[in-house]
Amino acid sequence: MLPIRIVKRQEPLGWSSCFVLMGAIILSLLLSGFLLLIGGTSPVDGIIVLFKGAFGSQFAFEDALLKATPIFLCSLGVAIAFRLQVWNIGAEGQFALGAVGATWMALSFPDAPAYLILPAMIAMAAVAGGIWGLIPAILRQKLKTNEIIVTLMMNYIAILILDYLVYGIWKDPASFGFPMTSEFSNAAIVGKIGNSNFSWGLLHCAVLGTCLWVFLGFTRIGFEIKAAGDNVRAARYAGIPYDRLVMLVMIISGALAGWAGFLEASSTVNRLQPSIMSGYGYTAIVVAWLARLNPFFIGIAAFMLAALRVGVEALQLDLQIPAAFGGIIEGLILLTVLAGGLFSQYRFVLRRGKRE
Amino acid sequence: MNSDIIIPLLAAAVQSGTPILYATLGEIFTERSGILNLGVEGIMITGALSGFLVAYFTGNPMLAFVIAGIAGSCAASIHGLVCLVFQGNQVVSGLALTILGLGFADYFGTPFIGMSAPGFSTLEVPLLSAIPVVGPIFFNQDLLVYFTYFIPVLMWFFFYYTRYGLSLRAAGEYPAAATAAGLNVVAYRWLGVLVGGFSMGLGGAYLSLAYTHLWTNNLTAGRGWIAVALVIFAFWKPGRAVFGAYLFGGIMAMQLRLQASGTQIPSSLLLMLPYALTVGVLVFSSWWRGKTDEPAALGVNIEPAE
């Protein structure tokens, strides 16, 4: 027997949990470096290129903010669902349908002015994403169907719907056979703030993040979500309409991911094409968990993981490392952070007295 | 329709269903011990790559198949470590393992895309393959398919007729009572994770060694998630898993044939079929509410004793 006893903490670990987080991230970077070594790349070079690529230039910073926008919005949605213990893994598909909904509006009304077309695109993106979130919620509450697998399968389906449209009826005749729609009209594009390189999408994030924070912290429904998330049975007993709450939360969750899809299509690529699906919806899950479902920390974590993606692109360019390496780092970070949770929940005490 | 079309299609259904069957049986074994492992997709692709690489470098498919199983157990042990030692959330840990496994296979597999390795080919069973209808469907397959005819029976026997199987189920049903009865619940859960991971790795290896014989990215294409859904459809019973896996194999075989026949249906809609069917199958099993063997303590961690 080890001379150590494990004792459950009465109070959750406070600021010291930062050290656990740092330790987890350092451990996962070490493990990633080890995998680089196996793949035949010097891990020191790799980590230097990764960090320089992620934080070393003005361009990297702008690119990271651009990538952080969709991750942040998807992650807000994931976090509010997770808060209620609803495992929405479907941000990726809700994002895809949001982009499809926004594109539908942009292609249908090419001559509409910006003050009409942008709200219409946002509304359609939110509705499409929201419906994609509502379906698994209804199945979960009415039939007890497992939402993890349904949301995940709906990701595959949504991406194939997007493919079907851009390879088929929405394909730009002038695209030389490439699967993409024609470019949106200027009115349907979310542009840059003033002369800077920052998209107005950042402002969308700030406003939506604040709204969600107020909604969760200062409204009755927000309180009910937190209460029901902590204990479903007690919440039902207290008269909280749990079924309706789950559906509402999944609509919000899907609408936020759909909004992210709108921004990606309108602001980043100015059209719909299959390459907009780059796994932001899955990264959002990592972000939400790292940030412990807190909207403010989600902002920070979204930026960090977006910077990681930018760094991995530098790795790809400079050292010919496949882009999939980003997935390895993300997976490792999530696993080590999960494992580190032990230190927040339990204390380790030396056994006193005789050793057995 | 005539039998010249139906019988090859059913034989193809058995073949396409086999990797899913290996994975589903593995997940049933793991879940019966009380551990929910959502990393099946990541474990399968790890097994697929390991199997491919070993076959490519040694030229020995049987060795490759076994190593793929061991690689599956290793990948699953990460989940075991996070959930059984560090008390991490089982849902999130499984997702993380899937992200990690897919990245891992892409990273190490990219140099080998499009290359082929020696694998398994059709091995007719004497006498049995001469039986009309059943013979060409079930006994004109490769060796790895024949293995799956025995595994569900062995699992069923293990669960219901051995002491160890009973203990493993107890760890999944009522860990507190199992502990009180003197069982080492954590050890049985480790057994569930490792043996289950072994079978998931084999399922992945079936894809690279028997189904395609070559390496491509995203070889599993969601089959791991289909397996997780099939566990629910099978009500955690090994026998019903066989039926579910062949159903999906049939859909996948039909989809390939339709694509090859130059149909007017767009390929993205055909590719949607297995995923839509997965949702359908889940809705069906939750609506039907048959007698399920879902372990009561599935996904619930065991708190370390003070």
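Reading guide: rules and limits
- Residues numbered from 1 in each chain as written.
- Chains lettered and ligands numbered in written order.
- Predicted model: local features only at pLDDT ≥ 70, side-chain atom pairs only at ≥ 80, totals over all residues.
- Helix = DSSP H or I, 4+ residues; strand = E, 2+ residues; numbered from the N terminus.
- Rg over C-alpha atoms; globule rule 2.2 N^0.38 Å.
- Buried ≥ 20, exposed ≤ 12 C-beta atoms within 10 Å, placed from the backbone.
- Contact = placed C-beta atoms within 7 Å.
- Pairing = 2+ DSSP bridges.
- Nonpolar A, V, L, I, M, F, W, Y, C, P; charged D, E, K, R; others polar.
- Core = buried A, V, L, I, M, F, W, Y, C linked by C-beta atoms within 7 Å.
- Expected span 1.5 Å × (residues − 1).
- Axes fitted to C-alpha atoms, helices over the stretch in contact; angles between N-to-C directions.
- Parallel < 35°, antiparallel > 145°, perpendicular 65-115°, else oblique.
- Left-handed = near helix turned anticlockwise from the far one by under 90°.
- pLDDT = per-residue confidence, 0-100.

## Focus: the overall build of chain B
Check the secondary structure of chain B and you find 12 helices and 0 strands. Counted from the first residue to the last, chain B has its helices and strands arranged as α-α-α-α-α-α-α-α-α-α-α-α. Here chain B has a C-alpha radius of gyration of 19 Å; the compact-globule value for 306 residues is 19 Å, and the two agree. Seen through its principal axes, chain B has C-alpha atoms that stretch 65 × 45 × 40 Å. When burial is assessed residue by residue, chain B has 52% of its 306 residues classed as buried. Looking at chain B alone, contacts between residues at least 24 apart form 80% of all its contacts between residues at least 6 apart.

## As for the overall build of chain A
Secondary structure summary: chain A contains 13 helices and 2 strands in total. The C-alpha radius of gyration computed for chain A amounts to 22 Å, which stays within 12% of the reference 21 Å derived for 356 residues, consistent with globular compactness. For chain A, the spread of C-alpha atoms along the three principal axes comes to 85 × 60 × 35 Å. Taken across its 356 residues, chain A has 48% of its residues classed as buried.

## Observations concerning the pairing of strand β2 (residues 346-350) of chain A
Residue and element names in this part refer to chain A. Across the 5 residues of β2, 0 count as buried, placing the element largely on the outside. With 5 bridges connecting them, strand β1 (residues 4-8) and β2 associate as antiparallel partners. Across the sheet, the residue bridging to Ile4 is Leu350, located in β2.

## Some remarks on the interface of chain A and chain B
With 42 residues of chain A at the interface, the matching set in chain B holds 42 residues. Of all the elements in the fold, those that place two or more residues in the side of chain A that touches chain B are β1, α5 (114-143), α6 (147-167), α11 (280-290) and α13 (325-345) of chain A. Of the residues assigned to the side of chain A that touches chain B, the class counts are 29 nonpolar, 9 polar and 4 charged.

## Things to note about the nonpolar core
Counting residues in hydrophobic clusters, the biggest one holds 203 residues, and the most contacted among them are A:Cys74, A:Met121 and A:Val287. Ranked by residues supplied to this core, first place goes to α6(A) with 15 residues. Beyond its immediate sequence surroundings of up to four residues, A:Met121 is in contact with A:Ala102, A:Met105, A:Ala106, A:Ala188, A:Phe262 and A:Ser266. In terms of nonpolar packing, the next biggest core, distinct from the first, is built from 6 residues, B:Ala170, B:Ala178, B:Val185 and B:Tyr188 among them.

## A few points about helix α10 (residues 242-269) of chain A
Residue and element names in this part refer to chain A. Taking 1.5 Å per residue as the helical rise, α10 with its 28 residues ought to reach 40 Å, and the 39 Å between its terminal C-alpha atoms agrees with that figure. Of all 28 residues making up α10, 21 are buried, and the element is well covered by its neighbours. Positive phi appears at Asn270, one or two residues downstream of α10, with a value of about 60 degrees.

## Things to note about the environment of A:Ala106
Looking at the secondary structure, you find A:Ala106 in helix α4 (residues 91-108). Linking A:Ala106 and A:Phe343, residues 237 residues apart in sequence, is a C-alpha distance of 50 Å.

## Topic: the packing of α11(A) against helix α12 (residues 295-319) of chain A
Residue and element names in this part refer to chain A. Orientation of α11 relative to α12, taken along the N-to-C sense of each, is 135 degrees, at an axis distance of 8 Å. On the basis of their axis angle, the class for α11 and α12 is oblique. Where α11 crosses over α12, the handedness of that crossing is right-handed. On α12, the residues that touch Thr283, Val286, Val287, Ala288 and Leu290 of α11 are Ile298, Ala301, Ala302 and Leu305.

## Section: unusual backbone geometry
Phi is positive for A:Arg292, close to 50 degrees, though the residue is something other than glycine. Position of A:Arg292 among the secondary structure elements: in the loop between α11 and α12. Positive phi is not limited to glycine here, since B:Leu127 has a value of about 65 degrees. Take B:Leu127: it is sitting in the loop between α4 (90-109) and α5 (134-138). Residue classification places B:Leu127 among the exposed residues on the basis of 9 C-beta atoms within 10 Å.

## Considerations on the environment of B:Leu123
All names here are of chain B. Within the element layout of this structure, Leu123 appears in the loop between α4 and α5. Linking Leu123 and Ala253, residues 130 residues apart in sequence, is a C-alpha distance of 20 Å. In this structure Leu123 touches Asp142 and Leu143, once residues within four positions along its chain are discounted.

## Considerations on helix α6 (residues 143-161) of chain B
With 19 residues, α6(B) ought to run about 27 Å at 1.5 Å a step, and its terminal C-alpha atoms sit 27 Å apart, in line with that. Listed as buried for α6(B) are B:Leu144, B:Val145, B:Thr148, B:Pro152, B:Met155 and B:Phe159.

## Some details on the packing of α6(A) against helix α10 (residues 223-233) of chain B
In contact at an axis separation of 10 Å, α6(A) and α10(B) are set at 145 degrees when each is read in the N-to-C sense. Remark: the crossing between α6(A) and α10(B) carries left-handed chirality. Where α6(A) approaches α10(B), its residues A:Ile149, A:Leu152 and A:Met153 are matched on the opposing element by B:Trp225, B:Val228 and B:Ala229. In terms of residue class, the contact of α6(A) with α10(B) is built from 6 nonpolar, no polar and no charged.

## Let's talk about the confidence of the model for chain B
For chain B, per-residue confidence averages 92 on the pLDDT scale, and 99% of positions sit at 70 or higher. Here the predicted complex carries an ipTM of 0.92, next to a pTM of 0.92.

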